[in-house]
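# Structure at a glance
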Amino acid sequence: MSKVTDKEIKLLEKVANAHLYEVMGNKDRYINKPDNFSTVQYMNARGHVDQLKLKEMIVRCIIDHVGTSEAFLNMGTACGHLEYANRLNHERLTISSCEWDYQYECCEKIRDMLGIQISYRCNDVLSDDFEIRDCKTYFDHVILDRFFPVYRADTHHRTEEVLKKFKPYAKRAILIESDGNWTKEQWSWLVKTAERRIKISGEWNMFLIKLENL
Ligand SMILES: C[S@@+](CC[C@H](N)C(=O)[O-])C[C@H]1O[C@@H](n2cnc3c(N)ncnc32)[C@H](O)[C@@H]1O
């Protein structure tokens, strides 16, 4: 049974409303940065609730199929829905969070309202000098959930290029995306390359990829 109750829904309604005022009050921060503009999705309470319910299923899938004794890095935290869903599940997963400098501010107020802290910051994953700053931990898993740099391309070469960037930081990647966002070519590569594919729900799957194999 979902742990997303009326209490969480009320909080998410407040969060959506606050984000509406945040964007309207700081238009430059959003209009001048195309990636930030996509946060208009977070003005809608229903969108937050759907995300939280999805993250809750992801947390339970990881608990059931990967385990609770490992260390996870959530790359591209945005609002902190995954971390919040983990809290609803009594913090059974040990999750550290990372956000890109360029998009750090745009969901900061949302994270504050949900009580989610960022552990690390990084520069652009597509740059040659990509770095997760001050990261001394080698994680068991880096979670790439709706992390669009991995799939916004026609072939698996971009997916592989981005995954390789995490070799210094984690043993495995957990790649989570809606099936329809992968091209046929990317899907075949993922099926061939991943150690495991775990069904989350409906159109959502997670792929576990051992980074040293890339
Ligand atoms: C659509 S959001 C997904 C947020 C969250 N994982 C979720 O599922 O709700 C994409 C995330 O990837 C990060 N991101 C996008 N492009 C990036 C890049 N080039 N370098 C580093 N991070 C990036 C964004 O900052 C954001 O946190």
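What comes next is a walk through the structure. These numbers come from a predicted model, not from an experiment.

Here the focus is helix α8 (residues 156–164). Regarding α8, the residues found buried are His156, Thr159, Val162 and Leu163. Buried residues in α8, looked at end-on, bunch into an arc of 125°, giving them a common side. Facing away from the buried side of α8 by over 90 degrees, the exposed positions are His157 and Lys164.

Taken together, 17 residues form the shell around the ligand, and within it Gly76, Ala78, Trp100, Gln103 and Arg146 come nearest. Class assignment for the residues of the shell around the ligand results in eight nonpolar, five polar and four charged.

To continue, consider the sheet that holds strand β2 (residues 94–100). Judged by pairing direction, the sheet is mixed, and its seven strands sit side by side in the order β3-β2-β1-β4-β5-β7-β6 without closing on themselves. At either end of the open sheet lies a strand with only one pairing partner, and these are β3 (120–122) and β6 (196–201). The sheet shows a mean angle of 25° between the axes of neighbouring strands, taken without regard to direction. The pairing of strand β1 (residues 71–75) with β2 spans five bridges and is parallel. Note that in β2 the partner of Phe72 across the bridge is Ile95. This element, helix α4 (residues 45–65), spans β4 (139–145), β5 (170–178), β6 and β7 (204–210) of the sheet and lies at about 140° to β6.

Criteria and thresholds
Residues numbered from 1 in each chain as written. Predicted model: local features only at pLDDT ≥ 70, side-chain atom pairs only at ≥ 80, totals over all residues. Buried ≥ 20, exposed ≤ 12 C-beta atoms within 10 Å, placed from the backbone. Helix = DSSP H or I, 4+ residues; strand = E, 2+ residues; numbered from the N terminus. Arc of directions from axis to C-beta. Near = placed C-beta within 6 Å. Nonpolar A, V, L, I, M, F, W, Y, C, P; charged D, E, K, R; others polar. Pairing = 2+ DSSP bridges. Axes fitted to C-alpha atoms, helices over the stretch in contact; angles between N-to-C directions. Contact = placed C-beta atoms within 7 Å.

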